[in-house]
Amino acid sequence: MIQPRHMAALALLAGVFIMEGFDIAAMSIAVPRLDEALGLEPASFGWVFTALLIGLGLGGALIAPLGDRFGRRALIVGGCLATGVFTLITATATSVTEFLIWRLLTGLALGACLPNVSALSSELAPAGMRATVMAVVSAGIPVGLALAGLSAPLLIAAAGWPMLFYTPGLFAVLLAAALWVILDGGKPARAEAAEPRSLAAKLPQFTLFARPWAFPFAVFSTMLALNALNLYLLNSWLPTVLPQAGLTMDVAAQVAGVANLAGLAIGIGASVLMDRWRKGLTLMLLFGSMAASFAVIGLTAPDTARWTLLLMVGVGGANAGGMVLPGLAAYLFPARLLSSAVGMGVLVARLGAFAGPPLGAAMIAADVPARTFLGVATFPALACVAVALLVGRALLVKARAEAKDTA
């Protein structure tokens, strides 16, 4: 049974993911409107989207693991507050360079914060429900994406495109204050009990690249990278691509919002299944359904109703993958490595995700048809299916390590 204070903490932690989802969508929704407002062409924003990913990777690898040693509250609160400040400043940008700088700093702050949010969610979850609780908390990402898409017409009508950044920025600042009050401070108990003596203990990231953890980390991070490629390719460019298929910009934003909202149900359902059933098969079903949906889109003419349903499976599945895979980490790695595994996973994942926004920009610059653009997402999803075949073997590593420790 989850204590009331822990429930409140989990609700606020979910708010961090809602803020992230809204923030990600804000940039993609703003881009097709900046041509008229500031004279900035959409195709010039490929590296702006990538800047966020670079920041996420660096923050996740270099700053987030400090939560395993010094406690999670400072990393979560500080990262959330910095995200809010940089997002608010993004609303004042007038050039591609300014957008790139502020998105890089926003990503750095988010990268420091999010792995610790995932790790703390796991620590607050009852035994046997880690993947489900982590998925429910990270369900804030598709919620935020959906809220941004559905509310964008009203926000833009009220105060123009900057309102897309003022909204999540202010929310992040208020959320940081609430998290400071509700979360417990101090070092984790295990850090207080045994101060690290070796370099590997001081920098647990290195442990993930040595036996026995290198193989499960490779499986985990490869799926994260492939799914992140699709996630950022789609969420960065969907509001720009869909108008090329005949939708208005407002309808395109709303379709993207509905598709992302579907990820909420898919992600929670897949996480419950992963807690109670075979984890590898669950992931194969998730990514296989995504691949099929994008393949059908790539082979059919644009149709708003049919594409909306298919995008609910495909884009929703990509967002669901972002929810489910951190839950898998709780089964692959011990608690002492969890923040490090998620943080380093974020870094390695960004190596794949970096390709998403520039790939989309190149296809847009080449006037690739919308259905071909979306059909490309079939291939990373199929690669995730192949990697998921190795999950069962990766799970055995932790089981053997625990058996050795108790022997």
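All values derive from a computational prediction rather than experimental measurement.

Trainee: Which residues make up the packing of helix α1 (residues 4–38) against helix α5 (residues 96–124), and what values go with them?
Mentor: For the pair α1 and α5, interaxial distance at closest approach is 10 Å and the crossing angle is 155°. Between α1 and α5, the angle is such that the two are roughly antiparallel. Two packed elements cross with a definite hand, and for α1 against α5 that hand is left-handed. Partitioned by chemical class, the residues of the contact of α1 with α5 number 17 nonpolar, four polar and three charged.

Trainee: I'd like to hear about the pattern of salt bridges, residue by residue, with values.
Mentor: Within this structure, the stated rule accounts for one salt bridge. The partner of arginine 103 in a salt bridge is aspartate 23, with the nearest N and O atoms 2.7 Å apart. Of this pair, arginine 103 sits in helix α5 while aspartate 23 sits in helix α1; the two residues are 80 residues apart in sequence, bridging distant segments of the chain. The burial state of arginine 103 is the same as that of aspartate 23; both residues are buried.

Trainee: Tell me about the nonpolar core, and please be specific about residues and values.
Mentor: Grouped together as the largest cluster of nonpolar side chains are 123 residues, with contacts concentrated most on Met223, Leu311 and Phe333. If you tally residues by element for this core, the top one is α1, at 16 residues. Those residues in contact with phenylalanine 333 that lie beyond four places of it in its chain are Leu208, Trp213, Pro216, Phe217, Phe220, Ala341 and Lys398.

What counts as what
- Residues numbered from 1 in each chain as written.
- Predicted model: local features only at pLDDT ≥ 70, side-chain atom pairs only at ≥ 80, totals over all residues.
- Heavy atoms only, no water.
- Axes fitted to C-alpha atoms, helices over the stretch in contact; angles between N-to-C directions.
- Helix = DSSP H or I, 4+ residues; strand = E, 2+ residues; numbered from the N terminus.
- Parallel < 35°, antiparallel > 145°, perpendicular 65-115°, else oblique.
- Left-handed = near helix turned anticlockwise from the far one by under 90°.
- Nonpolar A, V, L, I, M, F, W, Y, C, P; charged D, E, K, R; others polar.
- Salt bridge = Lys/Arg side-chain N within 4 Å of Asp/Glu carboxyl O.
- Buried < 20%, exposed > 50% of the residue type's maximum accessible area, 1.4 Å probe, protein only.
- Core = buried A, V, L, I, M, F, W, Y, C linked by side-chain atoms within 4.5 Å.
- Contact = heavy atoms within 4.5 Å.

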